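Summary of the model geometry
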Amino acid sequence: MPIILRLDRVMADRKMSLNELAEKVGVANVNLSKIKNGHISAIRFSTLEAICKALGCQPGDILEYKE
Amino acid sequence: MENNKMKNLASTLETIVKVVGSIFFAVSIVCGVMAVLVAIFGEKMFAEGELSLSLGFVKLYATDALEVKTGFMNAYVIVGLVTVMIICVAVYLASKLTRSVLEPIKDGRPFEAQVPKKLKKLAWVVLGCGALIQVAGIVESVLLSYAYSLKEIVNPLYISKVEFDYSVDFSFVLVFAIIMFLSYIFSYGQKLQQESDETL
């Protein structure tokens, strides 16, 4: 899929661990790991909103389109 | 999403199907043994025993004077028993397939990958079984018509002509189509379920 999730990069910038973010977003760290590694085919707006809120970023900082 | 009604119904059905499948498997073994016995002792049995002929709701009992071709009679009974045996085995297989369809439904996940696959197999079993029943019915009728001299049984004063009417019932094709259609619906459901599972 040409849409790539750059969650790991933003997490590294904010120096936030996976467990910490999972707790703030309210999803299981297993599921957050799936998002981080791109093992998902879709993401809900509510999940994206929670991630952006926790990381203090824009959706565009996490999502990237690559041809 | 909890659906206890579906889970309970699937669980009950699975138990019923398990029992029915076991009964049919036992019947298939009995029929197989009986077919072998008829093949060995059949001709002697039909030559000595009392013979009867069912015509719908009327049962005619033959006297010793009626000539019955025991070879055809023997073949008729063997074909009947072998057909019942094959159908019982098919029902047993169908029960196993139905159980594997019901298993994920029982766990509350009806759109698992195995469900459409097993439904497709079940549809083919229904088609094969239905076709076999029809063919066996025709073969049995032909053998029975050869076994009895029906023209001699009926009174020529009242009956002018004896004709055989073989009819074929194609309703099994409709059942096959419905199960196939269901398998496509479940296959689509499985894709939607996968998409839903991969959405976070």
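In case you missed it, the structure is sitting above this.
The rules behind each value
- Residues numbered from 1 in each chain as written.
- Chains lettered and ligands numbered in written order.
- Predicted model: local features only at pLDDT ≥ 70, side-chain atom pairs only at ≥ 80, totals over all residues.
- Heavy atoms only, no water.
- Helix = DSSP H or I, 4+ residues; strand = E, 2+ residues; numbered from the N terminus.
- Rg over C-alpha atoms; globule rule 2.2 N^0.38 Å.
- Buried < 20%, exposed > 50% of the residue type's maximum accessible area, 1.4 Å probe, protein only.
- Contact = heavy atoms within 4.5 Å.
- Areas by Shrake-Rupley, 256 points an atom, 1.4 Å probe, with all protein chains shown as cover.
- Lys, Arg positive; Asp, Glu negative; His and termini not counted.
- Charge placed at Lys NZ, Arg CZ, Asp CG, Glu CD.
- Pairing = 2+ DSSP bridges.
- Buried area = accessible area lost by both parts, 1.4 Å probe.
- Salt bridge = Lys/Arg side-chain N within 4 Å of Asp/Glu carboxyl O.
- Polar contact = N/O pair within 3.5 Å; in protein donor to acceptor, adjacent residues only side chain to side chain.
- Nonpolar A, V, L, I, M, F, W, Y, C, P; charged D, E, K, R; others polar.
- Core = buried A, V, L, I, M, F, W, Y, C linked by side-chain atoms within 4.5 Å.
- Phe/Tyr/Trp six-rings, centres within 6.5 Å; stacked < 30°, edge-to-face > 60°.

**Side note on the overall build of chain A**
Assigned secondary structure in chain A consists of five helices and two strands. Its C-alpha atoms give chain A a radius of gyration of 11 Å, within 12% of the compact-globule value 11 Å for 67 residues. For chain A, the spread of C-alpha atoms along the three principal axes comes to 30 × 20 × 20 Å. Within chain A, the proportion of its 67 residues that are buried is 28%. Taking all contacts inside chain A whose residues are at least 6 apart in sequence as the whole, residues at least 24 apart take part in 64%. Carbon and sulfur atoms make up 50% of the accessible area of chain A, which amounts to about 4,400 Å² in all. Once the 10 positive and 8 negative side-chain charges of chain A are each reduced to a mean point, those two points are 3 Å apart.

**What about the pairing of strand β1 (residues 52-55) of chain B?**
All names here are of chain B. Two strands pair when backbone bridges link them, and β1 and strand β2 (residues 58-61) are joined in this way by four bridges, in the antiparallel orientation. Counted as the bridge partner of S54 is K59 from β2. What sits between the antiparallel neighbours β1 and β2 is a turn of two residues, in which G56 has the positive phi angle 65°.

**Side note on the interface of chain A and chain B**
The interface of chain A with chain B comprises nine residues on the first partner and four residues on the second. Of all residues in chain A, S41, A42 and R44 of chain A bury the most surface against chain B, accounting for 60% of the area lost on that side. Connecting chain A to chain B are zero salt bridges. Our count for the contact surface shared by chain A and chain B stands at four residue pairs in polar contact (both at pLDDT 80 or more). Sort the elements by how many residues they give to the side of chain A that touches chain B and helix α3 (residues 29-36) of chain A lands first, with three residues. When its residues are assigned to classes, the side of chain A that touches chain B shows four nonpolar, three polar and two charged.

**Thoughts on the nonpolar core**
The biggest cluster of nonpolar side chains holds 19 residues, and the ones touching the most others in it are L7, L21, L32, I35, I51, L55 and I62 of chain A. Counting residues per element, the ones that place at least two in this core are α1 (7-14), α2 (18-25), α3 and α4 (45-55) of chain A. In terms of residue count, α4 of chain A provides more of this core than any other element does, five residues in total. In this structure, A94, L119, F176 and F186 of chain B belong to the second largest nonpolar core, which totals 16 residues.

**Some points on the packing of aromatic side chains**
Residue and element names in this part refer to chain B. Under the criterion given, the structure shown has five aromatic pairs over all chains. Between the aromatic rings of F72 and Y146, the centroid separation amounts to 5.2 Å while the plane-to-plane angle is 25°, which identifies the pairing as stacked. Taken together, the residues span a long stretch of sequence, with F72 in helix α2 (residues 70-106) and Y146 in helix α3 (residues 114-147) at a distance of 74 residues. Taking the relative accessible area as the measure of exposure, F72 reaches 34% and is therefore partly exposed. Residue classification places Y146 among the partly exposed positions, given a relative accessible area of 46%.

**A few points about the pattern of salt bridges**
As enumerated under the stated definition, the model contains five salt bridges over all chains in all. Residue R9 of chain A is joined to E64 of chain A by a salt bridge in which the shortest nitrogen-to-oxygen separation is 3.5 Å. Taken together, the positions of R9 of chain A in helix α1 and E64 of chain A in strand β2 (residues 63-65) put the pair 55 residues apart, joining distant regions of the chain. Across the salt bridge formed by K106 of chain B and E14 of chain B, the nearest N and O atoms sit 3.0 Å from each other. With a gap of 92 residues between them, K106 of chain B in helix α2 and E14 of chain B in helix α1 (residues 4-48) connect regions that are remote in the sequence. Look at K106 of chain B and you get partly exposed, because its relative accessible area is 27%. Each of R6, R9 and E64 of chain A takes part in a single network of salt bridges with overlapping partners.

**What to know about the side chain of T199 of chain B**
With respect to the element layout, T199 of chain B can be found in the segment after α5 (171-197). Judged by relative accessible area, T199 of chain B falls into the buried class, the value being 18%. Of the polar contacts made by the side chain of T199 of chain B, one reaches the backbone oxygen of E195 of chain B; its length is 2.7 Å. The residues contacting T199 of chain B, other than those within four sequence positions of it, are A42, I43 and R44 of chain A.

**What to know about unusual backbone geometry**
Positive phi is not limited to glycine here, since K15 of chain A has a value of about 55°. Among the secondary structure elements, K15 of chain A is positioned in the loop between α1 and α2.

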